[in-house]
Number of protein chains: 2
Amino acid sequence: MFQDFKLVSDRPVVIQVKEYVKRLIIKGALQADQKLPSTREMSGLLKVSRNTVIAAYEGLEDDGYTYAVPGKGSYVAAMVGHLAADNGEGVGSTAWQIDWKARMNDYAVSAVDLDVMKQGIRAKKGTISFTSIAPDEQLFDLGDVRRAFLDRMAIEGQTLLNYGYAKGYKPLIDYLMCYMENKGVDITGKDMLITSGFTEGFDMVLSALRPSARRGAAICENPTHHTAIKNLKLQGFEITGIPMERDGIDVEQLEAVLQTQTNSFDLAYLTPSYHNPTGIVLSPEKRSAVMKLMRRYQIPVIEDGFNEELRYSGAHVAPLIATVGQGNGVIYIGSFSKVLFPGLRVGWVLGDRALIDALESIKRARTIHTSTIDQSILYQYFLNGNFDKYVKKARAEYKRKYELTRACCEAHLPEAQLSGDGGLHLFLTFPAGVNTRQLLEACTKQGVIFTPGDKFFIQEGEGTNTLRLGFSRVTDENIERGIQIIGNQASSLLQTEKKNEVSS
Amino acid sequence: MFQDFKLVSDRPVVIQVKEYVKRLIIKGALQADQKLPSTREMSGLLKVSRNTVIAAYEGLEDDGYTYAVPGKGSYVAAMVGHLAADNGEGVGSTAWQIDWKARMNDYAVSAVDLDVMKQGIRAKKGTISFTSIAPDEQLFDLGDVRRAFLDRMAIEGQTLLNYGYAKGYKPLIDYLMCYMENKGVDITGKDMLITSGFTEGFDMVLSALRPSARRGAAICENPTHHTAIKNLKLQGFEITGIPMERDGIDVEQLEAVLQTQTNSFDLAYLTPSYHNPTGIVLSPEKRSAVMKLMRRYQIPVIEDGFNEELRYSGAHVAPLIATVGQGNGVIYIGSFSKVLFPGLRVGWVLGDRALIDALESIKRARTIHTSTIDQSILYQYFLNGNFDKYVKKARAEYKRKYELTRACCEAHLPEAQLSGDGGLHLFLTFPAGVNTRQLLEACTKQGVIFTPGDKFFIQEGEGTNTLRLGFSRVTDENIERGIQIIGNQASSLLQTEKKNEVSS
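Values in this document were obtained by computation on a predicted structure and should not be read as measured data. (Residues numbered from 1 in each chain as written. Chains lettered and ligands numbered in written order. Predicted model: local features only at pLDDT ≥ 70, side-chain atom pairs only at ≥ 80, totals over all residues. Heavy atoms only, no water.)

Caption draft 1: The overall build of chain A, seen in detail. Secondary structure summary: chain A contains 18 helices and 16 strands in total. With the principal axes as the frame, chain A shows a C-alpha extent of 90 × 65 × 50 Å. Each of the 504 residues in chain A was classed as buried or not, and the buried ones make up 61%. Intrachain contacts of chain A at a sequence separation of at least 6 include 73% that bridge at least 24 residues. Of the roughly 19300 Å² of accessible surface on chain A, a fraction of 49% belongs to carbon and sulfur atoms. Of the side chains in chain A, 58 bear a positive and 59 a negative charge, and the two mean positions are spaced by 4 Å. (Helix = DSSP H or I, 4+ residues; strand = E, 2+ residues; numbered from the N terminus. Buried < 20%, exposed > 50% of the residue type's maximum accessible area, 1.4 Å probe, protein only. Contact = heavy atoms within 4.5 Å. Areas by Shrake-Rupley, 256 points an atom, 1.4 Å probe, with all protein chains shown as cover. Lys, Arg positive; Asp, Glu negative; His and termini not counted. Charge placed at Lys NZ, Arg CZ, Asp CG, Glu CD.)

Caption draft 2: Structural context of the sheet that holds strand β12 (residues 417-419) of chain A. Residues and elements named next belong to chain A. Judged by pairing direction, the sheet is antiparallel, and its four strands sit side by side in the order β12-β13-β16-β15 without closing on themselves. Only two strands of the sheet have a single partner each, and these edge strands are β12 and β15 (451-452). Alignment of β15 against strand β16 (residues 466-470), held across two bridges, turns out to be antiparallel. Across the sheet, the residue bridging to threonine 451 is arginine 468, located in β16. Contacting β12, β13 (425-429) and β16, helix α16 (residues 386-412) crosses the sheet at an angle of about 20 degrees to β13. (Pairing = 2+ DSSP bridges. Axes fitted to C-alpha atoms, helices over the stretch in contact; angles between N-to-C directions.)

Caption draft 3: Here's a closer look at the domain arrangement of chain A. Residue and element names in this part refer to chain A. As assigned here, chain A comprises domain 1 (13-76), domain 2 (110-134 + 392-503) and domain 3 (138-384). Summarising the inter-unit geometry, the C-alpha centres of domain 2 and domain 3 are found 27 Å apart. In this assembly, 29 residues from domain 2 lie in contact with 31 residues from domain 3. The junction of domain 2 with domain 3 conceals about 2700 Å² of combined surface from both sides, 62% of it contributed by carbon and sulfur atoms. Broken down residue by residue, the surface that domain 2 buries against domain 3 is led by Asp421, Phe456 and Ile458, which jointly contribute 25%. At the surface where domain 2 touches domain 3, the tally comes to one salt bridge. Aspartate 421 serves as the salt-bridge partner of arginine 246, at 3.2 Å between the closest nitrogen and oxygen. (Domains from an automatic or database assignment. Buried area = accessible area lost by both parts, 1.4 Å probe. Salt bridge = Lys/Arg side-chain N within 4 Å of Asp/Glu carboxyl O.)

Caption draft 4: How the structure looks around the interface of chain B and chain A. Facing the 144 residues of chain B at the interface are 144 residues of chain A. When chain B packs against chain A, the two sides together hide about 12500 Å² of surface, and 56% of this comes from carbon and sulfur. Broken down residue by residue, the surface that chain B buries against chain A is led by Trp96, Trp100 and Arg295 of chain B, which jointly contribute 8%. Put simply, chain B and chain A have 16 salt bridges between them. Here arginine 23 of chain A makes a salt bridge to glutamate 181 of chain B, at a shortest N to O gap of 3.4 Å. Our count for the contact surface shared by chain B and chain A stands at 68 residue pairs in polar contact (both at pLDDT 80 or more). Examining the composition of the side of chain B that touches chain A, we find that eleven residues originate from one element, helix α14 (residues 353-367) of chain B, more than from any other. For the side of chain B that touches chain A, the class distribution of residues is 63 nonpolar, 40 polar and 41 charged. (Polar contact = N/O pair within 3.5 Å; in protein donor to acceptor, adjacent residues only side chain to side chain. Nonpolar A, V, L, I, M, F, W, Y, C, P; charged D, E, K, R; others polar.)

Caption draft 5: Local environment of the UniProt feature "domain: HTH gntR-type" (unreviewed entry) in chain A. As recorded in UniProt, the sites labelled "domain: HTH gntR-type" (unreviewed entry) are residues 11-79 of chain A. Helix makes up 52% of residues 11-79 of chain A and strand 12%, and the two end C-alpha atoms of the span are 27 Å apart. (UniProt positions renumbered as here; feature names shortened; annotations may be inferred.)

Caption draft 6: Representation of empty space enclosed by the protein within the structure. If you walk through the whole model with that rule in mind, you get seven cavities of 30 Å³ or more. Looking at the largest cavity, its volume works out to about 70 Å³. If you go around the largest cavity, you meet 14 residues; those closest to its centre are Ser196, Arg345 and Ser371 of chain A together with Ser196 and Ser371 of chain B. Grouping the amino acids of the lining of the largest cavity by side-chain chemistry returns no nonpolar, nine polar and five charged. (1 Å grid on protein atoms, 1.4 Å probe; cavity = no way out; pocket = protein on both sides within 12 Å on 5 of 7 lines; lining within 4 Å. Points joined across faces, edges and corners; volume = space filled by probe spheres on them.)

Caption draft 7: Main features of the packing of helix α10 (residues 198-209) of chain A against helix α11 (residues 226-234) of chain A. Residues and elements named next belong to chain A. Direction vectors running N to C along α10 and α11 enclose 30 degrees, while the axes themselves pass 10 Å from each other. One way to sum up the angle between α10 and α11 is to call them roughly parallel. In this structure, α10 meets α11 at a crossing whose hand is right-handed. Of α11, the residues touching α10 (which contributes Thr199, Phe202, Asp203 and Leu206) are Thr227, Ala228, Asn231 and Leu232. Within the contact of α10 with α11, the residues separate by chemical class into four nonpolar, three polar and one charged. (Parallel < 35°, antiparallel > 145°, perpendicular 65-115°, else oblique. Left-handed = near helix turned anticlockwise from the far one by under 90°.)

Caption draft 8: View of the relation of the copies chain B and chain A. Of the two same-sequence chains, chain B is brought onto chain A (RMSD 0.0 Å, axial shift 0.0 Å) by a rotation of 180 degrees. In the structure described here, the two chain copies are related by an operation that fits a two-fold rotation axis. Taking C-alpha positions as the reference, the residue of chain B nearest the rotation axis is serine 371 of chain B, at 3.5 Å. Here 100% of the contact residues of chain B are again contact residues in chain A; the copies associate through an equivalent surface. (Least-squares fit on C-alpha atoms with pLDDT ≥ 70 in both.)

Caption draft 9: How the structure looks around the packing of helix α12 (residues 251-260) of chain B against helix α13 (residues 284-296) of chain B. Residue and element names in this part refer to chain B. Following both chains from N to C, one finds α12 and α13 inclined at 5 degrees, their axes separated by 10 Å at the closest point. In terms of orientation, α12 and α13 fall into the roughly parallel class. From α12, Val251, Leu254, Glu255 and Leu258 reach across to α13, where they touch Lys286, Ala289, Val290, Leu293, Met294 and Arg296. Per-class residue counts for the contact of α12 with α13 are seven nonpolar, no polar and three charged.

Caption draft 10: View of the packing of aromatic side chains. Within this structure, the stated rule accounts for 45 aromatic pairs over all chains. On the numbers, 4.9 Å between centres and 85 degrees between planes, the contact of phenylalanine 140 of chain B with phenylalanine 341 of chain B is edge-to-face. In this pair, phenylalanine 140 of chain B sits in the loop between β3 (128-129) and α8 (142-156) while phenylalanine 341 of chain B sits in the loop between β10 (330-335) and β11 (347-352), placing the two residues 201 residues apart along the sequence. Phenylalanine 341 of chain B shares its class with phenylalanine 140 of chain B; the two are buried. One aromatic cluster in this structure is built from Tyr169, Tyr175, Tyr179, Tyr332, Phe336, Trp348, Tyr379, Phe382 and Phe387 of chain A. (Phe/Tyr/Trp six-rings, centres within 6.5 Å; stacked < 30°, edge-to-face > 60°.)

Caption draft 11: Region of interest: the pairing of β11 of chain B. Residues and elements named next belong to chain B. In terms of burial, β11 is a largely internal element, six of the six residues being buried. Sheet analysis places strand β4 (residues 190-195) next to β11, joined by six bridges and oriented antiparallel. Opposite isoleucine 194, over in β11, you have tryptophan 348 as the bridge partner.

Caption draft 12: Seen up close, the pattern of salt bridges. Summed over all chains, the structure comprises 60 salt bridges over all chains. The residue glutamate 360 of chain B makes a salt bridge to lysine 118 of chain A at a minimum N-O spacing of 3.9 Å. Of this pair, glutamate 360 of chain B sits in helix α14 while lysine 118 of chain A sits in the loop between α7 (106-113) and β3 (128-129), placing the two residues on different chains. With a relative accessible area of 13%, glutamate 360 of chain B lands in the buried category. Its relative accessible area of 31% is what places lysine 118 of chain A among the partly exposed residues.

Caption draft 13: Summary view of unusual backbone geometry. All names here are of chain A. Put simply, asparagine 222 and proline 223 share a cis peptide bond, and its omega is 5 degrees. Relative to the elements of secondary structure, proline 223 occurs in the loop between β5 (216-222) and α11. Although it is not a glycine, aspartate 33 adopts a positive phi angle of roughly 70 degrees. Among the structural elements, aspartate 33 can be located in the loop between α1 (13-27) and α2 (39-46). Taking the relative accessible area as the measure of exposure, aspartate 33 reaches 49% and is therefore partly exposed. If you check the backbone angles, isoleucine 368 has positive phi at about 65 degrees while not being a glycine. Take isoleucine 368: it is sitting in the loop between α14 (353-367) and α15 (372-383).

Caption draft 14: Highlighting the sheet that holds strand β9 (residues 301-304) of chain A. Residues and elements named next belong to chain A. Within the open sheet, the eight strands sit side by side as β4-β11-β10-β9-β8-β5-β6-β7. Their pairing is mixed. The outermost strands of the open sheet, each flanked by one partner alone, are β4 (190-195) and β7 (248-249). Across the sheet, α10 lies against β4, β6 (237-245), β8 (267-270), β9, β10 (330-335) and β11 (347-352), angled at about 155 degrees from β10, the strand it touches most. Packed onto the sheet, helix α12 (residues 251-260) meets β5, β6 and β7 and runs at close to 150 degrees relative to β6.

Pasting the structure below:
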């Protein structure tokens, strides 16, 4: 025994010795009431200092794995045995097995079925991937983040590490309320809840507003954010999609649907700026028209503030929640995950005070509160003025890539219709015959992947001729090369298509 | 105009100027196509350098709030107006109002009703409060936390700030799997999901296992953790509580219930070590007996690993999940929130691989993933060997306070029965006549508060003669003084009680 002890370099030796002996006890190699080698012997056996062994033995006793007999040494303490061993039977054969799959409910099964990450395309090394719309981490100003953390720790210290409040970190709430006021929002009668990103906020709002007695009904842009489709479905909502036009949702169709199905929608989910996946900005005229309809039919609006910061041209556009003044019909959900650091899980819900009060209790019941470290780093980062500096840099870089991607698409994919006024991606619509799943298959063989657009559509079979190109994390060279490859494959597909038409 | 600009000291001046002008535009004090003062004029008006104004003006243009006319200056851009203003009506009078309370479902209403934090006792300044069982933040070793953050940032940098994985931060999962193996768990066939603390893990497990077609049924210790009661109720479970004895759950009663209600429980929720609120450790014999029953009746066990690290005496006790070998009937939920830093929202669920796979999708649908910063700080803190050092220190300090609290209770509250073998609190049971809500009312007037025990019981009207004393954040002096006051008030209550008995 004690021959297989191996030191690693990056952990304190005392802990390695302690855990090594603990393992021997757990595995039964050292048994109850067995005497451990003396500290001097053990020091020789493991080739570590005797003081190290003394400290490790103390630790084992503190943890209840051993007991000391004064003047004699350390002995292994008795432990509660395994259940199977109690029966005198082998562990493996009689181990208690539950069929978990059979016990999981519809919600759990749907969560797996709708989890697109699990059906995601696994890219080989060297593949040019246009699937991500996460920010480019090379732009992150680590020094500023580090300083924000140290500054805040210096000011608040221990407090940051103990329990915080379900509603959120107060200085951040105050800051973000001001941030939203600067977007033109009248905050009278409104309040804010900090969440762990957009998704948590959206899921909690749906949990609170989903009707108890029947399936819910939601209306949204079609296509739309696939996570939102997933969460609506998981919460039992029927979804009615309204087609997108070049300047946002088709208002006539929206009105037609609302007229024929009066009183039947529990909520609307809308992404008015740099919509996902189309990248379209809802025009000022349409904003006004949409909001008048929502008000007339009394349909609460969940506004996704997605990517609002990544505006490359045109005038400032106020969010929908800014258009209703002191009205409380809009719930705005914001996040900096596309522009700043998604690893910091921070988002916010801004809405009517009574609603936020209920959401606060739901938040407390679900996760107690959002990480205080994340919230306080973000707050200090803003306070230090880093955000403005960073957004300026990020916007310049993404704008460059956006223009490059656009230009490459226009050169190599002339048959595709482009959309995307900002943000980190473009959306392409091919002539009806082109199936982008087929195109993806062909491109994957050539080392290029993208996101087929059908998964952003409400009904199966829609949008099979569309795709989303995320450019934020692709190098200039790969943007050019990748789009050229997609272009070549699309041309072949289109030619085959034409031949088939002629021959049929 | 421009007279009310006031500089604050802790923010960059450029940003203050930019936000000041932005506000004037938002409020309508500066209107569309109005010319801004020249940078030279503005510099004089605001008493800041001209370079600052130039930079602020650039920022306003970047954000789309203004536009530049070459050779002429900066002009205010047109913005999408408020909806009410479109109608030519005042904002306040016609603002769109939704009655959110009427739209909230049973879940949201229950979340508020069951939110004990909202009914919490607000303590006046100077009150001695025994209500908290959060760790004492004075023990936190800030320097080590800071170093863990900086070490990890130096190693992984930007990666930590971009999206992570729903399952959790890989190095932390590996570390915690090893940590659980060191507690005697056979991890074959098992897997782990990192959550934002115990509560999220518990809520997700309940969401996955709650029956779709009928109300669920759960069995647990009575009393038990009030957050667990809340979450079970919120997820629609009927709860059957089994009384506690000095060495844990009453096994005979448990067996009797299981025999009469065969096949009727979907799960059991148990806290075998330093149970909340009683502080009792389930004895080795009973652990074995409980697990045999659970296996016989095929009831999955959710084990709450709460406070397992705060053991002050006795041998090491393995968790229930360690007693089933390769069996998969136990789901262990762990967290360091009571021993380490609750502000870092990190917990874990260890259980059958198929179950964890479904929970991973639920986690992704709810919050994408847990804060990578929190996870990586915790991981590096362990790796640096800080945890062992800290637990040793914390355990010594809490043990001292625990013994002091016990001694004070024995001296001043001789009529109360004490329980609590470790952790951060003691549980007191008074003779049946003493109502601890009444006692609390009397003590509050004397500047002392505690948690009445009834809220830990399943049925209303149970445990009205019990209370929980959390000592972790109370000074020695206040422990003595506070318990003395509780003792005096309890004596008066008991005497009144006796007089009533005599006179009736």
